[in-house]
Structure formats: structure tokens, C-alpha cells
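Letter by letter, the chains look like this.
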Amino acid sequence: MEIVIVPDAAAGGELIAAAIADLLTRKPDALLGVATGSTPLPIYQALAARARDTALDVTRARICQLDEYVGLPQGHPESYRSVVLREVVEPLGLTESSFMGPDGSAEDIAAACLAYDRALAEAGGVDLQLLGIGTDGHIGFNEPCSSLASRTRIKTLTQQTRVDNARFFNNLDEVPHHVITQGIGTILDARHLVLLATGEAKADAVAATVEGPLSALVPASALQLHPHATVVVDEAAASGLKLADYFRATYAAKPDWQLI
Ligand SMILES: N[C@@H]1[C@@H](O)[C@H](O)[C@@H](COP(=O)(O)O)O[C@@H]1O
């Protein structure tokens, strides 16, 4: 696992957008897995700026969703489908035909989960999966004690996550209890995992992910199992890391041509 400590969220967004740009240059039809929440927005803004202002061609990029609320009406502005279309797909000049996600309004949720795992595999697998992290250490919506081998399935949110996400809704009661999420096993199938965490509220979860034991109690610690996982953190999110100086020195010594 590589840990990169950046000065702030904007620098993290630029660094990760550069890695995505490099991927799309090598593989123009790469499948990019995207996360929701506030944290990855600087990545999407930096990537859209590159698509607008540089020779980067994103027209063949494919975008896939990490997770989804269950039971929100289709087209609800806070369904993750709507969020990804608004924050990622449209700013890149792409259309819904470049996009795939699980169907949170399906009558048969179990079948929708299976179908999504199958669709990801049939699409050739995710090339680069962006991740945020919950304050309880969740990735996607894999809450503490999720199986480290889990596939896409329905999960029940913890109260902590519902409270954290209530800011996107009118009140806490509107936050769904159930979600579909790529499983931890599904996430680990991606070729490159890139987790961005910013702000002091994430410091404990980041420390447990990076320096704690591999544990289902901290779902993000599953990144320790992946051969190419990058954790990008700002100074505040890095504040609980005992090995911060080592991570800084390692990254500073990295050759310029070697991206994350
Ligand atoms: N399902 C999403 C996660 O994918 C995201 O990482 C997390 C953190 O969000 P934020 O970046 O807003 O703190 O929120 C939600 O729970």
C-alpha cells in the first residue's frame, strides 16, 4: 500500500486526476469506478478541467458506480446514480450510455446485485476504483464487520453513517436504511484502488486502515490485501499516522515518471 500525504484536498484531487488521465491515455476505454460523498469532488473537478483544457480524450471512458441507496424513487437527486451523473458523467461530456450502476429501485434487489457483479465482470473489470472512507472505516457502503470476501449485495447502514449522510437530505428520517454496495471482494477485483481521505474527522479511520490490523471491523483495512492500493490523505487526515515521516520520505524519493 502506498500512502501519499498531500497539503490539501485540491492537491489530492490533482494528483489522482493525473493518474486517471495517465490511465485513459494508455487505455482510452478504461472502466473508472467512482465514489460519492464530498471527498472525491476535487478529483472530478480536476479531471473535468483536464478534459476541457488539455488534449486528454475522455470520450471513450466508462464510468461505474460503487454503491446505491435502496428505495429512493428513480431520479431522486440524492440517489447515487443522480449524483454520479451530475458530478462525473455530465462534466466529462459523457452520457448515460457510458455509465453503469446497480439498480436500487429494483423489485428483486438480490437479482439486481448479482446482475451488477456480472455486468462489471463482463465489462472487463474495473481499471481504477476511487474510494472515500466513512468515519467508521467503511468503503462503498461496506459497514464494519462486512465480509472481506463479500460481493455486491444489500447492506443495512449504521446509525453513524446515516447521521453522516443526513446533510444530503432534508432530515435524518429521509436517509434510507438499506443500500446496495459492491462487496469488499468486488472492490478488491479492481486493478488499482485509490482512496482519498481529507479532514481530521477521517484521521482515526485512516490510521486504522493503514497501520491497524486487517480486520472486518475496519472494512477499508482490506486495502492491505490489494497489490496496487494507493491512499492519498491531506495533513489533517494523516494526523493519526505513526509512520507519517516514512511515508513522506518514500514519496519524496519516488522517481517523477512513476505515478501513483
Ligand atoms: N457510500 C459513501 C462512501 O463511498 C463515501 O466514501 C462516504 C464518505 O463520504 P464523504 O467523502 O462525504 O465523507 O460516504 C458514503 O457513505
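Residues numbered from 1 in each chain as written. Predicted model: local features only at pLDDT ≥ 70, side-chain atom pairs only at ≥ 80, totals over all residues. Heavy atoms only, no water.

As annotated in an unreviewed UniProt entry, the protein carries the name Glucosamine-6-phosphate deaminase and comes from Streptacidiphilus alkalitolerans. The UniProt entry for the protein carries the following comment under Pathway (unreviewed entry): "Amino-sugar metabolism; N-acetylneuraminate degradation; D-fructose 6-phosphate from N-acetylneuraminate: step 5/5." A UniProt comment under Function (unreviewed entry) is attached to the protein, and it reads "Catalyzes the reversible isomerization-deamination of glucosamine 6-phosphate (GlcN6P) to form fructose 6-phosphate (Fru6P) and ammonium ion." (UniProt positions renumbered as here; feature names shortened; annotations may be inferred.)

(A) Examining the overall build of the protein more closely. Looking only at helices and strands, the protein features 8 helices and 10 strands. The C-alpha atoms of the protein give a radius of gyration of 17 Å, which matches the 18 Å a tight globule of 260 residues would have. With respect to the three principal axes, the spread of C-alpha positions in the protein is 55 × 40 × 35 Å. Considering the protein as a whole, with its 260 residues, one finds that 53% of them fall into the buried category. The long-range share in the protein, meaning contacts at least 24 apart out of those at least 6 apart in sequence, stands at 77%. (Helix = DSSP H or I, 4+ residues; strand = E, 2+ residues; numbered from the N terminus. Rg over C-alpha atoms; globule rule 2.2 N^0.38 Å. Buried < 20%, exposed > 50% of the residue type's maximum accessible area, 1.4 Å probe, protein only. Contact = heavy atoms within 4.5 Å.)

(B) View of the site of the ligand. The ligand sits among 14 residues. The nearest are Ser-38, Thr-39, Asp-67, Arg-167 and Lys-202. Within the backbone of Ser-38, a nitrogen or oxygen atom sits 2.7 Å from an oxygen atom of the ligand. Contacts to the ligand include Lys-202, whose side-chain N or O atom sits 2.6 Å from an oxygen atom. Put simply, the ligand lies in the largest pocket. Classifying every residue of the shell around the ligand by side-chain character gives 3 nonpolar, 8 polar and 3 charged. (Near = heavy atom within 4 Å. Polar contact = N/O pair within 3.5 Å; in protein donor to acceptor, adjacent residues only side chain to side chain. 1 Å grid on protein atoms, 1.4 Å probe; cavity = no way out; pocket = protein on both sides within 12 Å on 5 of 7 lines; lining within 4 Å. Sits in = over half its atoms within 2 Å of the grid points. Nonpolar A, V, L, I, M, F, W, Y, C, P; charged D, E, K, R; others polar.)

(C) View of the packing of helix α1 (residues 9-26) against helix α2 (residues 41-53). In contact at an axis separation of 7 Å, α1 and α2 are set at 50 degrees when each is read in the N-to-C sense. With respect to α2, the axis of α1 lies oblique. As for the relative orientation of α1 and α2, their crossing is right-handed in sense. Between α1, through Ala-9, Ala-10, Gly-13, Glu-14, Ile-16, Ala-17, Ala-18, Ile-20 and Ala-21, and α2, the contact on the second element is made entirely by Pro-42, Ile-43, Ala-46, Leu-47 and Arg-50. Of the residues assigned to the contact of α1 with α2, the class counts are 11 nonpolar, 1 polar and 2 charged. (Axes fitted to C-alpha atoms, helices over the stretch in contact; angles between N-to-C directions. Parallel < 35°, antiparallel > 145°, perpendicular 65-115°, else oblique. Left-handed = near helix turned anticlockwise from the far one by under 90°.)

(D) Looking closely at α2. Here α2 is 13 residues long and its end C-alpha atoms lie 18 Å apart, about the 18 Å a rise of 1.5 Å per residue gives. Taken together, the buried positions of α2 are occupied by Ile-43, Tyr-44, Ala-46, Leu-47 and Ala-48. Elements in contact with the buried residues of α2: α1, β2 (31-34), α3 (80-89), β6 (128-131) and β9 (192-197). (Expected span 1.5 Å × (residues − 1).)

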